[in-house]
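These are the residues of each chain, in order.
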Amino acid sequence: MSDYNFAYLDEQTKRMIRRAILKGLAIPGYQVPFASREMPMPYGWGTGGVQVSAATLTPEDTLKVIDQGADDTTNAVSIRKFFENTAGIVTTEETTKASVIQTRHRIPETDLNEDQILVYQVPIPEPLRFLEPRETETRKMHSLQEYGLMHVKLYEDISQHGAIATSYAYPVKVAGRYVMDPSPIPKFDNPKLTMAAIQLFGAGREQRIYALPPYTEVVSLDFDDYPFEASKAAHTCDLCGAEHSYLDEVILDDEGNRMFVCSDTDFCAKRQSAGHKGRLAGEVA
Amino acid sequence: MDETLMDQPLLQVRDLAKNYGARIGCASVSFDLFPGEVMGIVGESGSGKSTLLNCMAGHVSPDAGKVLFSTRADGLVDTVTMAEAERRMLARTDWAFVHQHARDGLRMNVSAGGNIGERLMAVGARHYGDIRDQATDWLSRVEIQGNRIDDRPSAFSGGMQQRLQIARNLVTQPRLVFMDEPTGGLDVSVQARLLDLLRGLVREFGLSAIIVTHDLAVVRLLADRLMVMKDGHVVESGLTDQVLDDPQHAYTQLLVSSVLQV
Ligand SMILES: Nc1ncnc2c1ncn2[C@@H]1O[C@H](COP(=O)(O)OP(=O)(O)O)[C@@H](O)[C@H]1O
Ligand SMILES: [Mg+2]
């Protein structure tokens, strides 16, 4: 502990990041520039999320870290260790026990409450980047609410695939104003973006922070004749039998056998210990 | 449009001027454009045609002068001093701009249908089927086969790209079209086809347009009136046939005679 300031970053840096977070909360969906710091991990590992968490955590907090819904991936484990070492805080794998949850690619299945903060790791914060690479132009488009281009992207999707094929990082309009990239969560999670918890988004390499205050209206973009669908694999979880959770497909052997399991490991484990059973419960370790 | 509006100028340009440092871009240009009228701006390379056009279209901010446009909502408004948000709105609704190089006016990584649909979506179209129908309709108007709707412009010939750019601009039925050398850079036979097409569209829709070109054949075919530019100044203006058949200014006489030698 004595080697580091609490949660690694110095107090001045944390103040700077907190100012960006507060501005982000004041203007939901607006990308606030911030001076991203070098962190002792590569960019792909969520340095933006880590800096936001570092500026958010207090010694009383309980932290949970998930990657694709799982607490036990290398990325999640190393970030959790990082904060155990630099902040000496308690960590947990249980969604309901966490006060701060840092995530990559998922929103927990269990509804979050008003005492929780969800921090997202964001690779590319600019939803307009795909069709308009010029930063000066995208900034102008945001400030003037010129969002026709987002629908051009969805149009292209339908014309090429017969349906809106975008299944991750599905663009949303926030509080009737800013179009926002919700980070690469599956579009299944989009309806959950309107929630009780505070949501903070940190992009380290791109040096942007944005935020959603509790209960902010978040609308997924679509066409009248191709409405948004929060789709998932048409299966139930083979371990816990859940019907409405987001599933990962797992290949079991060379013969094409596969199973579907909840991507949210804590949610699935809780259901199993409560006695819920899926098709392969007990058969697979 | 309201009948009484037909007698009012659609565009009034007053003393428009732009310098690049000590070099003159264009100097104190004034004229009126009436609804349904096509104005040609001719002159040799470097005479200030593009500068003038870009000042009018809001791409370049002039050093002096007014560009008064008869808006649907508020009547005559100086587009030079209007808020940028409004000017950009105008640029994707009542105005259109056809660039000399199609790649400057098209999204090369978006399909032909998406290129045409962009302006519709920019003003709120949210029905995929309707957008696609309109794109198909406009492809046929500019003589591009409907089955090319999902191809990217990079797969098109230069002439097709230019026709696509025109379709993309006209789909929202703009009231004023700016064109900068729309036939420049194309083969002569391709130019002829594009000119025919443009003439047909001008007649069918009663387009109001300002066309910049160094090619007198283009204005002969398309323009009701002409302005001749030299060193940033308008040296002569009038009805197209009058100016071309009976040029008064020595420079215009030179321009016309050099064309006749071709
Ligand atoms: N961006 C610029 N910077 C400096 N000089 C320019 C610029 N654009 C045009 N000019 C100069 O202004 C004059 C008019 O140019 P332009 O409007 O492009 O003429 P035209 O379109 O008739 O060929 C020329 O002398 C040209 O070199
Ligand atoms: Mg020019």
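Residues numbered from 1 in each chain as written. Chains lettered and ligands numbered in written order. Predicted model: local features only at pLDDT ≥ 70, side-chain atom pairs only at ≥ 80, totals over all residues. Heavy atoms only, no water.

By the naming in an unreviewed UniProt entry, chain B is Putative phosphonate transport system ATP-binding protein, taken from Epibacterium ulvae.

As named in an unreviewed UniProt entry, chain A is Alpha-D-ribose 1-methylphosphonate 5-phosphate C-P lyase, taken from Epibacterium ulvae. Entered under Sequence similarities (unreviewed entry) in the UniProt record, the comment concerning chain A runs "Belongs to the PhnJ family." Recorded under Function (unreviewed entry), the UniProt text for chain A is reproduced unchanged: "Catalyzes the breakage of the C-P bond in alpha-D-ribose 1-methylphosphonate 5-phosphate (PRPn) forming alpha-D-ribose." (UniProt positions renumbered as here; feature names shortened; annotations may be inferred.)

Q: Which residues make up the sheet that holds strand 3 (residues 38-42) of chain B, and what values do they have?
A: Residue and element names in this part refer to chain B. The six strands lie next to each other as 6-7-8-3-9-10, forming an open sheet whose pairing is mixed. Looking at strand neighbours, the two that pair on one side only are strand 6 (95-98) and strand 10 (233-239), the edges of this open sheet. Averaged over all neighbouring strand pairs, the angle between strand axes comes to 15°, with direction disregarded. Of the pairings in the sheet, the one linking strand 6 to strand 7 (residues 176-180) comprises four bridges and is parallel in character. (Pairing = 2+ DSSP bridges. Helix = DSSP H or I, 4+ residues; strand = E, 2+ residues; numbered from the N terminus. Axes fitted to C-alpha atoms, helices over the stretch in contact; angles between N-to-C directions.)

Q: A description of the environment of V174 of chain A should follow, citing residues and the corresponding values.
A: All names here are of chain A. For V174, the position within the fold is in strand 6 (residues 172-174). The sequence separation of V174 and E217 amounts to 43 residues, and the corresponding C-alpha distance is 6.0 Å. Those residues in contact with V174 that sit more than four places away from it in its chain are P28, G29, M180, L212, T216 and E217. (Contact = heavy atoms within 4.5 Å.)

Q: Which residues make up the interface of chain A and chain B, and what values do they have?
A: Opposite the 22 residues of chain A that make contact, chain B presents 22 residues. For the pair chain A and chain B, the summed buried area comes to about 1900 Å², and 55% of that belongs to carbon and sulfur atoms. The interface formed by chain A and chain B holds five salt bridges in total. A salt bridge links R88 of chain B to E137 of chain A; its shortest N-O distance comes to 2.8 Å. Across the contact surface, chain A and chain B share 13 residue pairs in polar contact (both at pLDDT 80 or more). Going through the elements one at a time, helix 4 (135-143) and helix 5 (148-161) of chain A are the ones with two or more residues in the side of chain A that touches chain B. When residues of the side of chain A that touches chain B are assigned to their parent elements, the largest contribution, nine residues, is made by helix 5 of chain A. Of the residues assigned to the side of chain A that touches chain B, the class counts are 10 nonpolar, four polar and eight charged. (Buried area = accessible area lost by both parts, 1.4 Å probe. Salt bridge = Lys/Arg side-chain N within 4 Å of Asp/Glu carboxyl O. Polar contact = N/O pair within 3.5 Å; in protein donor to acceptor, adjacent residues only side chain to side chain. Nonpolar A, V, L, I, M, F, W, Y, C, P; charged D, E, K, R; others polar.)

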